[in-house]
Amino acid sequence: MKKIIVLISGTGSNLEAIINACNENRINGQVIKVISNNPKAFGLERAKKLNISSTVIDHNTFLSRNDFEVSLQNYIDSLDFDLIVLAGFMRVLGPQITLKYLNKMINLHPSLLPLYPGLDTHEKVLANKDKIHGVSVHFVSSELDAGPMIAQGIINVQSKETLKNITERIHKVEHKILPYIINEICNENIFLDNNCVK
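Below you will find a few notes about this structure. Predicted model, so just to flag it, every value in this text is computed and none were measured.

Next up on the list: the pairing of strand β5 (residues 105–109). Counting buried residues in β5 gives five out of five residues, a clear majority hidden from the surface. Burial along β5 is two-sided: Met105, Asn107 and His109 facing one way and Ile106 and Leu108 facing the other are all buried. Taken together, strand β4 (residues 83–86), helix α4 (residues 95–100) and β5 form a β-α-β motif whose crossover is right-handed. Taken together, the four bridges between β5 and strand β6 (residues 132–139) define a ladder with antiparallel strand orientation. Following the sheet pairing, Leu108 is matched in β6 by Val137.

Moving on, we come to the packing of aromatic side chains. One pass over the structure, following the stated rule, counts two aromatic pairs. When the ring of Phe62 is compared with that of Phe68, the centres are 5.9 Å apart and the planes differ by 65°; the resulting orientation is edge-to-face. Look at Phe68 and you get buried, because its relative accessible area is 2%. Aromatic side chains Phe81 and Tyr101 sit 5.9 Å apart centroid to centroid with 75° between the ring planes, which places their arrangement in the edge-to-face category. You can see Phe81 sitting in the loop between α3 (65–77) and β4 and its partner Tyr101 sitting in the loop between α4 and β5, a full 20 residues away along the chain. Summarising the burial analysis for this pair, Phe81 and Tyr101 share the class buried. The ring of Phe81 has Lys104 sitting right over it, with the charged end atom 5.4 Å from the ring centre.

Time to look at the environment of Lys198. Take Lys198: it is sitting in the segment after β9 (196–197). On the basis of relative accessibility, which here comes to 48%, the residue Lys198 falls in the partly exposed class. In this structure the C-alpha to C-alpha distance between Lys198 and Phe139, which are 59 residues apart in sequence, comes to 12 Å. In contact with Lys198, other than residues within four places in its own chain, are Asn189, Ile190, Phe191 and Asp193.

In this section: the sheet that holds β5. The sheet built from seven strands is open, its strands ordered β3-β2-β1-β4-β5-β6-β7 with mixed pairing. In this open sheet, the two edge strands, each paired with only one partner strand, are β3 (54–56) and β7 (149–156). Neighbour-to-neighbour, the strand axes of the sheet open up by a mean angle of 20°, direction not taken into account. Relative to strand β2 (residues 29–36), strand β1 (residues 2–8) runs parallel, the two being bridged by seven bridges. Within β2, the residue paired with Ile8 across the bridge is Ser36. Lying over the sheet, α3 contacts β1, β2, β3 and β4, oriented at roughly 155° with respect to β2.

Cut-off values and rules
Residues numbered from 1 in each chain as written. Predicted model: local features only at pLDDT ≥ 70, side-chain atom pairs only at ≥ 80, totals over all residues. Heavy atoms only, no water. Buried < 20%, exposed > 50% of the residue type's maximum accessible area, 1.4 Å probe, protein only. Helix = DSSP H or I, 4+ residues; strand = E, 2+ residues; numbered from the N terminus. Right-handed = clockwise from strand over helix to strand, strands pointing away. Pairing = 2+ DSSP bridges. Phe/Tyr/Trp six-rings, centres within 6.5 Å; stacked < 30°, edge-to-face > 60°. Lys NZ or Arg CZ within 6 Å of the ring centre and 35° of its normal. Contact = heavy atoms within 4.5 Å. Axes fitted to C-alpha atoms, helices over the stretch in contact; angles between N-to-C directions.

Dropping the structure here:
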């Protein structure tokens, strides 16, 4: 059984989906720690409710991005883990930390990369009147939302789609695809080899 660390910044709905999948044996692993850069993240309450240990490393308390990343890396290194999952973690991580964990860190991003890296993806889809939208799961690299692709989930954008509706629909896709991919990684059916997903 693999040991999983989940990094969050916000509501933690994907965190809860991961923990539930572990508890239901749909993931061959367990969440051993939740780390948040935001002390007010609601995901911390979800972790507490589900009896998962959590730690806050607030980026606002550090003088520089590098100082924050050194502290985060040192803490991660103190844990015995197999996989790091960025599930709504809203900090861009630099090359030192991403290179160290290159084959052990994945990210969930709410767009069909390479479209719309960064923030406000749903708003961009609606503004551009895109016909399809979706989510991407990829290994993390030092370039924003540009690491080796693992999988994508797609929805058709409906006519008169609202931001609330498309957000809810994307969450449903996220809650299915992310636990599935994590389980495949835990079972060593998906891995990174020479920067290529196998």
